[in-house]
Amino acid sequence: MNRTIISIAIAVSLSACSSLGVEPWEKDQLARADMALDSEKLDLALDDHIYFSKEGSSGGRSLAGGGCGCN
Amino acid sequence: MRKLLLLLSFMTLSISAAPSLDYKVQNFQGELLSLSEFKGKVVYLDFWASWCGPCRKSFPWMNAMHQKYQQQGLAIVAINLDEDKALAETFLSKIPADFHIRFDPQADVASKFDLQGMPSSYIFNRQGELVQTHLGFFEEKSAGYENEIVELLKE
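Residues numbered from 1 in each chain as written. Chains lettered and ligands numbered in written order. Predicted model: local features only at pLDDT ≥ 70, side-chain atom pairs only at ≥ 80, totals over all residues. Heavy atoms only, no water.

1. Quick word on the overall build of chain B
Cut-off, in case you're wondering: Elements are defined by DSSP. Helices are runs of H or I of four residues or more, strands are runs of E of two residues or more, and each kind is numbered from the N terminus. Only protein chains enter the area calculation, which uses a 1.4 Å probe; residues under 20% of their type maximum are buried, those over 50% are exposed, and those in between are partly exposed. It only takes one pair of heavy atoms within 4.5 Å for two residues to be counted as in contact. Residue exposure ignores everything except the shown protein chains as possible cover, and the areas themselves are Shrake-Rupley values with a 1.4 Å probe.
Looking only at helices and strands, one finds 5 helices and 7 strands in chain B. The 155 residues of chain B split such that 45% are buried. A separation of at least 24 residues holds for 67% of the contacts in chain B among residues at least 6 apart in sequence. If you sum the accessible surface of chain B, you get close to 8,100 Å²; carbon and sulfur atoms cover 53% of it.

Quick look at the structure:
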């Protein structure tokens, strides 16, 4: 019994998640403007504000410098 | 043991699908038509989408090939993979196509062909056997693509 379970587990792991991922014809969805990480500017500004309050630092997301607390 | 074999056969099922002309795709009216209607001709099967840049470049070339070789038995079939058919229609109104256009909005056939990129083209000979595949469309290679077609038409 145990041997069957182990051999099934090994057999299943052979596929190694090869069926996951984005197919070539789905890439238009990824390229949509609202799929971009920075599509919501207000959301970014709020995140920055919270991060600044918590860490006493600013910048570091996509700006040069930052992180030293000296604005 | 039998269970294991069954499982393995299920796993390989998705891999065993291969490019062929035995699949069905939709026409403009949404009717399912088999690609085997083009058997007996040299078939240049192309997968494209409205958002794909190189596809835009391949259309004028495919139009030219269609004009030049349709009498000799070349069938150019371009399968659209847009989820939204309206996008494909806008594309076609800007870049008209003289050759056969088919639709595969669920990408069933595309997954059977196991596309690696867009556009992808598959050339079948008159016996319906796959002889050549191209990933992407490169204008500088188009003379080579044409030569392959000419050679196949002679067979």
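2. Structural notes on the nonpolar core
Across soluble globular proteins, nonpolar side chains show a tendency to be buried alongside one another. All names here are of chain B. Which entries qualify depends on this criterion: We define the nonpolar core as a collection of buried residues of types Ala, Val, Leu, Ile, Met, Phe, Trp, Tyr and Cys that are connected through side-chain atoms lying within 4.5 Å of one another.
Judged by nonpolar contacts, the single largest core of 48 residues is most densely connected at Leu45, Phe47, Trp48, Phe59, Leu74, Phe113 and Leu115. Those elements giving two or more residues to this core turn out to be β3 (42-48), α2 (53-69), β4 (74-80), α3 (85-94), β5 (100-103), α4 (108-113), β6 (120-124) and α5 (142-154). Once residues within four sequence positions are removed from consideration, phenylalanine 59 is found in contact with Trp48, Phe91, Leu92, Ile95, Ala97, Phe99 and Ile101.

3. Considering the interface of chain A and chain B
Cut-off, in case you're wondering: By convention, the term buried area covers the 1.4 Å-probe accessible surface removed from two parts as they join, with the contributions of both added. Any Lys or Arg side-chain nitrogen located within 4 Å of an Asp or Glu carboxyl oxygen qualifies as a salt bridge. Residue polarity is assigned by list, with Asp, Glu, Lys and Arg as charged and Ala, Val, Leu, Ile, Met, Phe, Trp, Tyr, Cys and Pro as nonpolar; anything else, Gly included, falls into the polar class.
Each partner contributes to the interface: chain A provides 11 residues, whereas chain B provides 15 residues. At the boundary of chain A with chain B, total buried surface from both sides reaches about 1,100 Å², with 78% on carbon and sulfur atoms. Ranking the residues of chain A by area buried against chain B places A:Pro24, A:Trp25 and A:Asp28 at the top, with a combined share of 55%. Connecting chain A to chain B are 0 salt bridges. If you list the elements that add at least two residues to the side of chain A that touches chain B, you get α1 (2-13) and α2 (27-30) of chain A. The leading source of residues in the side of chain A that touches chain B is α1(A), at 4 residues. In terms of residue class, the side of chain A that touches chain B is made up of 6 nonpolar, 3 polar and 2 charged.

4. Some remarks on the state of the cysteines
All names here are of chain B. To be explicit about the condition: Any pair of cysteine sulfurs within 2.5 Å is marked as a disulfide.
Applying the stated criterion across every chain yields a total of 1 disulfide over all chains. The disulfide partner of cysteine 52 is cysteine 55, and the gap between their sulfur atoms is 2.1 Å. Disulfide cysteine 52-cysteine 55: torsion about the S-S bond near 85 degrees, hence right-handed. Looking at cysteine 52, the relative accessible area reads 3%, which means it is buried. Residue cysteine 55 is classed as buried on the basis of its relative accessible area, which comes to 0%.

5. Brief notes about the confidence of the model for chain A
Applied cut-off: pLDDT runs from 0 to 100 and stands for how confident the predictor is about each residue.
Residues with a pLDDT of 70 or more make up 73% of chain A, whose mean pLDDT is 77. When pLDDT is averaged over each element of chain A, α2(A) comes out on top at 87 and α1(A) at the bottom at 80.

6. Remarks on the pattern of salt bridges
Pairs can form between side chains of opposite charge whenever their charged atoms are close. Residues and elements named next belong to chain B. Scanning the entire structure with this criterion turns up 6 salt bridges over all chains. The shortest N-O distance in the salt bridge between arginine 102 and glutamate 37 comes to 3.1 Å. Residue arginine 102 is located in strand β5, and its partner glutamate 37 is located in the loop between β2 (32-34) and β3; the two are separated by 65 residues in the primary sequence. Taking the relative accessible area as the measure of exposure, glutamate 37 reaches 45% and is therefore partly exposed. A salt bridge links lysine 68 to glutamate 146, with the nearest nitrogen and oxygen atoms 2.6 Å apart.

7. Considering the packing of aromatic side chains
Residues and elements named next belong to chain B. The condition is simple: Side-chain rings of Phe, Tyr and Trp, where Trp is taken by its six-membered ring, are said to pair if the distance between their centres is within 6.5 Å; with planes under 30 degrees apart they count as stacked, over 60 as edge-to-face, and otherwise as tilted.
One pass over the full model with this rule turns up 13 aromatic pairs over all chains. An angle of 90 degrees between the planes, with centres 6.0 Å apart, marks the rings of phenylalanine 47 and tyrosine 122 as edge-to-face. Of this pair, phenylalanine 47 sits in strand β3 while tyrosine 122 is found in strand β6, placing the two residues 75 residues apart along the sequence. Tyrosine 122 sits in the buried class, given a relative accessible area of 6%. Arranged with centres 4.8 Å apart and planes meeting at 75 degrees, the rings of phenylalanine 113 and tyrosine 122 form a pair that is edge-to-face. Taken individually, phenylalanine 113 and tyrosine 122 each receive the classification buried, so the pair is uniform in this respect. One aromatic cluster is present, formed by Tyr23, Phe47, Phe113 and Tyr122 through successive ring pairs.

8. A few points about unusual backbone geometry
Residue and element names in this part refer to chain B. With an omega dihedral of -10 degrees, the bond running from methionine 118 to proline 119 counts as a cis peptide bond. Note that proline 119 resides in the loop between α4 and β6. One non-glycine residue with positive phi stands out, namely alanine 107, at about 55 degrees. Tracing the backbone through its elements, the reader meets alanine 107 in the loop between β5 and α4. Residue class for alanine 107 comes out buried when judged on its relative accessible area of 3%. Phi is positive for aspartate 114, which is not a glycine, with a value near 55 degrees. Looking at the element boundaries, aspartate 114 is found in the loop between α4 and β6.

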